[in-house]
Amino acid sequence: MVRSNPASSAPHPPRSPRAGQGGRIRQAPVFSATSSADAEELRRLNWALAAYARSSAALIHSSTFEELVTGVCNAIVGEDDYRLAAAGLIEDTAGEPLRMVAGAGAASAYLDHLRTAGPELSGTGQGPTGRAIRSREPQIVRDAREEPADSPWSKRVLAHGIRSSVTVPFQRNGKVAGVLKVYSAKPDAFGAREIEVFVQLGSELAFALGILEERAHRQAAEEARRAAEERAQESLAELARAARVVSLGAFAASLAHEVNQPVAAIMANGEAAMRWLSKTPANVDEVRAALVRITRDAERTSAVVGRTRGMLAKGLGERHATDIGALLNETVQFTQPQLRRWQVRADVSVAKGLPPAEVDHVQVQQVLVNLITNAIDAMKSVTGRRRVLKASVVLNPEGLVEVAVADTGTGIGEAFADKVFDHLFTTKPDGVGLGLPICRSIVEAHGGRINMRPNTPFGAVFCFTLPPAPPQTVLN
Ligand code: ADP
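Colleague: Which parts of the structure should I look at to understand the overall build of the protein chain?
Modeller: When its secondary structure is counted, the protein chain shows 13 helices and 13 strands. Burial status across the protein chain gives 42% buried among its 476 residues. Once local pairs closer than 6 in sequence are excluded, the contacts in the protein chain between residues at least 24 apart make up 68%. Approximately 24,600 Å² of the protein chain is accessible, and the part contributed by carbon and sulfur atoms is 55%.

Pasting the structure below:
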């Protein structure tokens, strides 16, 4: 086998302007047209330009190094009857075998061999790859048949229809980063033109490798930042939910405690009245007395509930003129992690020129969070249609600021429609049944109204109004 360094047998291939460093301007190789440009020369020139043009397309469109190498190798084998073109990378450790990234060509079985070739394909190997890595110069095998007859290498390449090859190293940051290998079925297939093109393509690969690595780092950093932000938002939402559950729990406990006693009395009086009635003759006076006590206790129960609602309303902090559209946008933003997790698309629309509403924005936000969370809950089990949350704010015909939260969820069956605002009504296994009653208390404490209607064709719409702030109120 005759090996030659093209530096001695051919004009030295011009270095790419970005070799090793990464210049910005891409240059095609320059070929000099001479009077000796016979048919073969022209063919080679055309080949070189076509291979270069096709590789350029791969360089522009690839998003991974493997895709790029596949594109470049396809471009190389597509322009001539090369058996195989392949490129590999040298990982950090010296002496590690080359990691073949990708390749193209009819002799793909030989690529499989290259992928597992071991130390021979490393900087310590005695073959063309090892020599290319050490010398940093292209290495040519002119004819495998000139190898000694018992050489396992020549037998193997000949079995794959390969007669000659060129191995071009490419550098990045002053180190050999990998090699581009091209194999031909013809002996002596690689002249100065071809080598020049492969050297250019090698340096383009090195340049693109840098860009792709940088892009991967940027993407990883961006993803880490997004994940951290998402975690932070999720824990915020969790905190808010936990706070809500705790306050709802305390509220439920106090309500249950206060209501329990009159309800127990109502039951006792009911039973007593039944007993008086079943006597012969029935003791109508006792029954009447029991019914009076029942009515009194029922009134007490209603007063307790009313007072609790009043307490809730009094819990209002300061009210300020608030841009409800901005508050809605902010709240939808706040629930993004849940929306994303359940693949819910959120559409927010805010009418132009809305007046502000004078509200405790924390409480109104609590109403919005409740309605949005309920809407997401109602869409979790939905399949086969889009999960869409539409939240809007308009000025209604009565001159009130009106917020609507619509979903494409399961909707609310007629049987439940007038129960959803009841205390402790829930259809969820982990529900508390206080979200909507609290929403109603807050809205009513602000002088507004809340109601529910079915959405068409699916889901539910919860709608509440808030009176606008008096004119000339300064926005908070
Ligand atoms: P919880 O969410 O703890 O169940 P709520 O008072 O917020 O308590 O809601 C009461 C019930 O109203 C829910 O369990 C559910 O059955 C129903 N509901 C509320 N919002 C919706 C909605 N957007 N779509 C369908 N059902 C809903």
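Colleague: How should the pattern of salt bridges be read in this particular structure?
Modeller: A side chain with one charge can pair with a side chain of the opposite charge if their charged atoms come near. Evaluated as defined, the whole model comprises 12 salt bridges. Notably, a salt bridge pairs Asp347 with Arg345, separated by 2.8 Å at the nearest N-O pair. Accessibility expressed as a relative area gives 26% for Asp347, which makes it partly exposed. Ionic contacts of the salt-bridge type, sharing partners, join the residues Glu222, Arg225 and Arg226 into one network.

Colleague: Can you walk me through helix α9 (residues 324-334) in this structure?
Modeller: Residues spaced three or four apart along an α-helix point in a common direction, a consequence of the helix completing one turn every 3.6 residues. The set of residues buried in α9 consists of Ile324, Gly325, Leu327, Leu328, Thr331 and Val332. Down the axis of α9, the buried side of the element spans an arc of 160 degrees, and every buried residue falls inside it. Measuring from the backbone nitrogen of Gly325 back to the side-chain oxygen at the start of α9 gives 3.0 Å, which picks out Asp323 as the cap.

Colleague: What is the right way to read unusual backbone geometry from this model?
Modeller: A cis amide bond links Thr280 with the next residue in sequence, Pro281, at an omega value of -5 degrees. Checked against the element boundaries, Pro281 lands in the loop between α7 (192-278) and α8 (284-314). Of the consecutive residues Thr456 and Pro457, the connecting peptide bond is found in the cis state with omega at -5 degrees. Tracing the backbone shows Pro457 in the loop between β12 (450-454) and β13 (460-466). With a phi close to 60 degrees, Arg136 is a non-glycine residue in the positive phi region.

Colleague: Any chance you could explain the site of the ligand here in plain terms?
Modeller: Around the ligand lies a shell of 20 residues, among which Thr426, Thr427, Lys428, Val432 and Leu436 are the nearest. The contact in question runs from an oxygen atom of the ligand to an N or O atom on the backbone of Gly435, over 3.3 Å. Separating an oxygen atom of the ligand from a backbone N or O atom of Leu436 is a distance of 2.8 Å. Protein contact buries 93% of the 530 Å² of open area that the ligand shows by itself.

Colleague: Sorry, what's going on with the packing of aromatic side chains here?
Modeller: How two aromatic rings sit relative to each other is set out by the distance from centre to centre and by the angle between their planes. One pass over the full model with this rule turns up six aromatic pairs. Seen in terms of ring centroids, Tyr110 and Tyr183 are 5.3 Å apart; in terms of plane orientation they differ by 75 degrees. Their pairing is edge-to-face. Residue Tyr110 is found in helix α4 (residues 108-115), and its partner Tyr183 is found in strand β6 (residues 175-184); the two are separated by 73 residues along the sequence. Assigned by exposure class, Tyr110 and Tyr183 land together as buried. Three or more aromatic residues joined by ring pairs form one cluster here, namely Tyr82, Phe190 and Phe198. If you follow Arg385 out to its NZ or CZ, it ends over the ring of Phe458, 3.8 Å from the centre.

Colleague: Honestly, the side chain of Asn455 in this entry has me stumped. Any pointers?
Modeller: The residue Asn455 is located in the loop between β12 and β13 in this model. The exposure class assigned to Asn455 is buried, which follows from its relative accessible area of 19%. Within the structure, the side chain of Asn455 is placed 2.8 Å from the backbone oxygen of Asp407, a separation counted as a polar contact. Looking at Asn455, its side chain comes within polar contact range of the main-chain oxygen of Phe458, at 3.4 Å. If we ignore the near neighbours within four places in the chain, the residues touching Asn455 are Ala406, Asp407, Ala460 and Val461.

Colleague: I keep staring at the sheet that holds strand β11 (residues 401-407) and nothing clicks. Help me out?
Modeller: By definition, the strands of a sheet pair up through backbone hydrogen bonds, in either a parallel or an antiparallel sense. The five strands lie next to each other as β8-β10-β11-β13-β12, forming an open sheet whose pairing is mixed. Of all the strands in the sheet, the pair left with one neighbour each is β8 (345-350) and β12. Taken over all neighbouring pairs, the strand axes of this sheet differ in orientation by 15 degrees on average, direction set aside. Judged from the seven bridges that link them, strand β10 (residues 388-395) and β11 form a sheet pairing that is antiparallel. Bridging from a neighbouring strand, Lys390 pairs with Ala406 of β11. The sheet contacts of α9 involve β8, β10, β11 and β13, and relative to β8 the element is tilted by about 170 degrees. Strands in contact with helix α11 (residues 361-379) are β10, β11, β12 and β13; relative to β11, the strand with the most contacts, it is inclined by about 20 degrees.

Colleague: Would you mind showing me how to read the pairing of β12 here?
Modeller: Two faces make up the sheet, and in a regular strand the side chains alternate between them. Pairing of β12 with β13, which is carried by five bridges, proceeds in the antiparallel orientation. For Ile450, the partnering residue across the bridge sits in β13 and is Phe464. Linkage of β12 to β13, two consecutive antiparallel strands, is achieved through a turn of five residues, within which Gly459 is found at a positive phi near 95 degrees.

Colleague: What exactly am I supposed to notice about the confidence of the model for the protein chain here?
Modeller: Low-pLDDT portions of the prediction should not be read for the details of their coordinates. Across the protein chain, the average pLDDT comes to 81, with 82% of residues at or above 70. Considering only residues more than four positions removed or in separate chains, one finds that residues 1-33, a stretch of pLDDT under 50, has 71 contacts.

Colleague: Where do I start with helix α3 (residues 65-78) in this structure?
Modeller: The end-to-end C-alpha distance of α3 is 19 Å, a good match for the 20 Å that 14 residues give at a rise of 1.5 Å each. Turning to α3, its buried residues are Phe65, Leu68, Val69, Val72, Cys73, Ala75, Ile76 and Val77.

What counts and what doesn't
- Residues numbered from 1 in each chain as written.
- Predicted model: local features only at pLDDT ≥ 70, side-chain atom pairs only at ≥ 80, totals over all residues.
- Heavy atoms only, no water.
- Helix = DSSP H or I, 4+ residues; strand = E, 2+ residues; numbered from the N terminus.
- Buried < 20%, exposed > 50% of the residue type's maximum accessible area, 1.4 Å probe, protein only.
- Contact = heavy atoms within 4.5 Å.
- Areas by Shrake-Rupley, 256 points an atom, 1.4 Å probe, with all protein chains shown as cover.
- Salt bridge = Lys/Arg side-chain N within 4 Å of Asp/Glu carboxyl O.
- Arc of directions from axis to C-beta.
- Polar contact = N/O pair within 3.5 Å; in protein donor to acceptor, adjacent residues only side chain to side chain.
- Near = heavy atom within 4 Å.
- Phe/Tyr/Trp six-rings, centres within 6.5 Å; stacked < 30°, edge-to-face > 60°.
- Lys NZ or Arg CZ within 6 Å of the ring centre and 35° of its normal.
- Pairing = 2+ DSSP bridges.
- Axes fitted to C-alpha atoms, helices over the stretch in contact; angles between N-to-C directions.
- pLDDT = per-residue confidence, 0-100.
- Expected span 1.5 Å × (residues − 1).

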